[in-house]
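Chain by chain, the residues run as shown.
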Amino acid sequence: MDNRGTFGSRFTATMAMAGSAIGLGNIWRFPYIAGKYGGGAFIIVYLLSAVFICVPIFLSESIIGKSTRLGTFGAMRTLAPGSRWKWLGLITVITPLIILSYYSVVGGWSVEYLFKAVAQAFGTGAAGAAAASVAGAAGAAERAEFASFISSTWKPIIAHSIFLLANALVVLGGVKKGIEKFTKITTPVLFVLIVVIMFYAISLPGAQAGINYLVDADFSKLTAEGVLSAMGQAFFSLSLGVGTILTYASYMRKEDSILATGCFTAGFDLIFAMIAGFAIMPAVFAAGIEPGAGPGLIFETLPYIFTVMGEQSPVLSGCVSILFFLTILFAALTSSISMLEVGVSYLVDEKNWSRGKAILIVCTGCWLLGILCSLSFGPLSGVNIMGNSIFDFCDKLASNFLMVLGSLLFVLFAGWKMKKSILADEIAPDGSSSVKITLFKILYFLIRYVAPLAIIVIFITNLLM
Ligand code: PFF
């Protein structure tokens, strides 16, 4: 199995996992929902769910991968021979590929907007934007520009293809020369970029309102819906239940600690989300725009701010906008390569395919589904699946349903099917201190009871909503 590849150190394994976790979700969802559901109050719930639910899922998933040095399907087949678990494991091979298909469409949008930033082509309707802002509809020109871009047929498909090709090239390099080399540079660079943007944003006049939006703890806004959103966001953000963490853990060296890697990954992910919030919300408030979530925040609101900035200082606006879209692109890429790797490792491990062939087949499938997702903003906007566009359907199916199901599967497998000694070996091996043994007991309880129950509640609520 050694031809699968191995991460060279705990640091690089952590950078790869943190790169998978830090993605578009940190930038466009976290800042908005944190503010909407009570700022600091939301962050407390988010932290609690990260510690009590997500870390146990993370540990379950990664120990399954690390102990077998196989992807989801092979790991479950090895740990529970002759059982049907492996077929359930196959679900988590499919989920990341569905996510990759639509994530790559958004990745393509960031490619297009990076080009725009380089060409300083924001606010092709600068005059229109100014007029619109006078009329009280700040950013109207950028909204129109974005809507016309995503609803067109070819441009977004070409951008999606470029983005997917970049993924294929990184993953083709293998674990060491591709994924590790790429993420050990881009993940730290991501942090530097977002910190630079944050300092710029908080220096803007009127930025304080954005900071308050994010940190003021307002418990009256923390509804039941807010609590569930916090849990759901923690899941998505940590890339749980999709086999990416499992697959990356299967490339870890035996001596590298899962517990430390898990805590660092969860910590970096949260810190990045907070910094992204401080980078984005102050700018949004400084420009006097209502905060929102989703693509609009990145592709409409921020370009409007760059247009306004550009009227005062074109060079500064140019630099900040390039940095910003570069950040988005790196964040998206380090996440999407982890999704691609799940499918590729399955075909390499189980079918003995070469990496090149596996990448070609997986990318072609994701490319085709991605094209449908892209067209669902334009020519295929009339196609409706259970009340959703193709893009929204894939997103909801994967993030509200399959990811939650996958996470449930992992904790149940680790807590009830796998030998307890395998988990103990990773967290508190023989001869560990009494503190470590107690920690293991607590974590084992969380894996067996608390995490599954919480996941079932989230799952049922998602079904009912
Ligand atoms: N964690 C990523 C984000 O916050 O954008 C999303 C993600 C990455 C989901 C990898 C699933 C996955 F396999």
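Okay, so let's go over this structure. (Residues numbered from 1 in each chain as written. Predicted model: local features only at pLDDT ≥ 70, side-chain atom pairs only at ≥ 80, totals over all residues. Heavy atoms only, no water.)

## Quick notes on the site of the ligand
Surveying the vicinity of the ligand reveals 17 residues, the closest of which are Ala21, Gly25, Tyr103, Phe236 and Ser237. With respect to the ligand, the backbone of Ala21 contributes an N or O atom lying 2.9 Å from a nitrogen atom. Between Ser239 and the ligand, the recorded distance is 3.1 Å, taken from a side-chain N or O atom to a nitrogen atom. In isolation the ligand offers 340 Å² of accessible surface; the protein chains occlude 100% of this area. Among the secondary structure elements, those contributing two or more residues to the shell around the ligand are helix 1 (10-21), helix 2 (24-36), helix 5 (85-118), helix 11 (224-237) and helix 15 (314-351). A breakdown of the residues in the shell around the ligand according to their chemical character gives eight nonpolar, nine polar and no charged. (Near = heavy atom within 4 Å. Polar contact = N/O pair within 3.5 Å; in protein donor to acceptor, adjacent residues only side chain to side chain. Areas by Shrake-Rupley, 256 points an atom, 1.4 Å probe, with all protein chains shown as cover. Helix = DSSP H or I, 4+ residues; strand = E, 2+ residues; numbered from the N terminus. Nonpolar A, V, L, I, M, F, W, Y, C, P; charged D, E, K, R; others polar.)

## Some remarks on the state of the cysteines
By the definition in use, this model includes zero disulfides. Cysteine Cys263 is unpaired, with the sulfur of Cys54 as its nearest cysteine sulfur at 12 Å. Accessibility expressed as a relative area gives 43% for Cys263, which makes it partly exposed. For the unlinked cysteine Cys373, the closest cysteine sulfur is that of Cys394, found at 3.9 Å. (Disulfide = S-S within 2.5 Å. Buried < 20%, exposed > 50% of the residue type's maximum accessible area, 1.4 Å probe, protein only.)

## What about a positive patch on the surface?
On the surface, a cluster of positive charge is contributed by Lys176, Lys177, Lys181 and Lys184. The residue Lys177 is located in helix 9 (residues 174-202) in this model. (Patch = residues over 30% accessible without salt bridge, like charges linked within 9 Å, V, L, I, M, F, W, Y side chains within 5 Å. Salt bridge = Lys/Arg side-chain N within 4 Å of Asp/Glu carboxyl O. Lys, Arg positive; Asp, Glu negative; His and termini not counted. Charge placed at Lys NZ, Arg CZ, Asp CG, Glu CD.)

## Brief notes about the side chain of Asn167
Turning to its location among the elements, Asn167 is positioned in helix 8 (residues 154-172). If we ignore the near neighbours within four places in the chain, the residues touching Asn167 are Leu333, Ser336, Ile337 and Leu340. (Contact = heavy atoms within 4.5 Å.)

## Section: the packing of aromatic side chains
All chains considered together, the criterion is met by 32 aromatic pairs. Ring geometry for Tyr113 against Phe299: centres 5.0 Å apart, planes inclined by 70°, an arrangement best described as edge-to-face. In this pair, Tyr113 is assigned in helix 5 and Phe299 in helix 14 (residues 295-312), connecting sequence segments 186 residues apart. When its relative accessible area of 1% is taken as the criterion, Phe299 is described as buried. With a centroid separation of 5.9 Å and an interplanar angle of 70°, the aromatic rings of Phe191 and Phe268 are classed as edge-to-face. Of this pair, Phe191 sits in helix 9 while Phe268 sits in helix 13 (residues 258-286), and the two are 77 residues apart along the sequence. With relative accessibility at 25%, the residue Phe268 sits in the partly exposed group. Within the aromatic cluster, the residues linked to one another by ring pairs are Tyr102, Trp109, Tyr113, Phe146, Phe149, Phe299, Phe306, Phe324, Phe325, Phe377 and Phe391. It is Lys116 that lies over the ring of Tyr113; its NZ or CZ is 5.5 Å from the centre. Across from the ring centre of Trp416, 3.7 Å away, lies the NZ or CZ of Arg448, which sits over that ring. (Phe/Tyr/Trp six-rings, centres within 6.5 Å; stacked < 30°, edge-to-face > 60°. Lys NZ or Arg CZ within 6 Å of the ring centre and 35° of its normal.)

## Things to note about the pattern of salt bridges
For the structure shown, the criterion picks out eight salt bridges. Two residues, Glu112 and Lys155, come together in a salt bridge whose shortest N-O distance is 3.7 Å. With Glu112 in helix 5 and Lys155 in helix 8, this residue pair connects regions lying 43 residues apart in the sequence. Given the relative accessible area of 14%, Glu112 is considered buried. In this structure, a network of salt bridges that share partners links the residues Arg253, Glu255 and Asp256.

## Topic: helix 19 (residues 434-464)
Helix length check: helix 19, at 31 residues, gives a terminal C-alpha distance of 44 Å against a target of 45 Å (1.5 Å per residue), a fit within 8%. Along its length, helix 19 shows its largest kink, about 45°, at Leu446. For helix 19, the complete set of buried residues consists of Phe440, Leu443, Tyr444, Leu446, Ile447, Ala451, Pro452, Ala454, Ile455, Ile458 and Phe459. (Expected span 1.5 Å × (residues − 1). Bend = angle between axes of the 7 residues up to and from the residue.)

## A look at the environment of Ser345
Of note, Ser345 is situated in helix 15. Along the chain, Ser345 and Arg355 lie ten residues apart, while their C-alpha atoms are 8.1 Å from each other. Not counting the four nearest positions on each side in its chain, Ser345 is found in contact with Arg4, Gly71, Thr247, Tyr251 and Glu350. A distance of 3.3 Å separates a polar atom in the side chain of Ser345 from the backbone oxygen of Val342.

## Overview of the packing of helix 5 against helix 7 (residues 140-151)
At their nearest, the axes of helix 5 and helix 7 sit 12 Å apart, and the two run at 130° to each other. If you check the angle between helix 5 and helix 7, you find them oblique. The two elements helix 5 and helix 7 cross, and the hand of that crossing is right-handed. Contacts between helix 5 and helix 7 involve Trp109, Glu112, Tyr113 and Lys116 from the first element and Glu145, Phe146, Phe149 and Ile150 from the second. Taken together, the residues of the contact of helix 5 with helix 7 sort by class into five nonpolar, no polar and three charged. (Axes fitted to C-alpha atoms, helices over the stretch in contact; angles between N-to-C directions. Parallel < 35°, antiparallel > 145°, perpendicular 65-115°, else oblique. Left-handed = near helix turned anticlockwise from the far one by under 90°.)

## Comments concerning the nonpolar core
Among the nonpolar cores identified, the biggest contains 161 residues, and Phe7, Phe30, Phe42, Phe299, Phe324 and Phe325 are the most heavily contacted of them. Looking at which element gives the most residues to this core, the answer is helix 5, with 16 residues. Apart from residues lying up to four places away in sequence, Phe299 is in contact with Trp28, Val106, Trp109, Ser110, Tyr113, Phe146 and Phe325. (Core = buried A, V, L, I, M, F, W, Y, C linked by side-chain atoms within 4.5 Å.)

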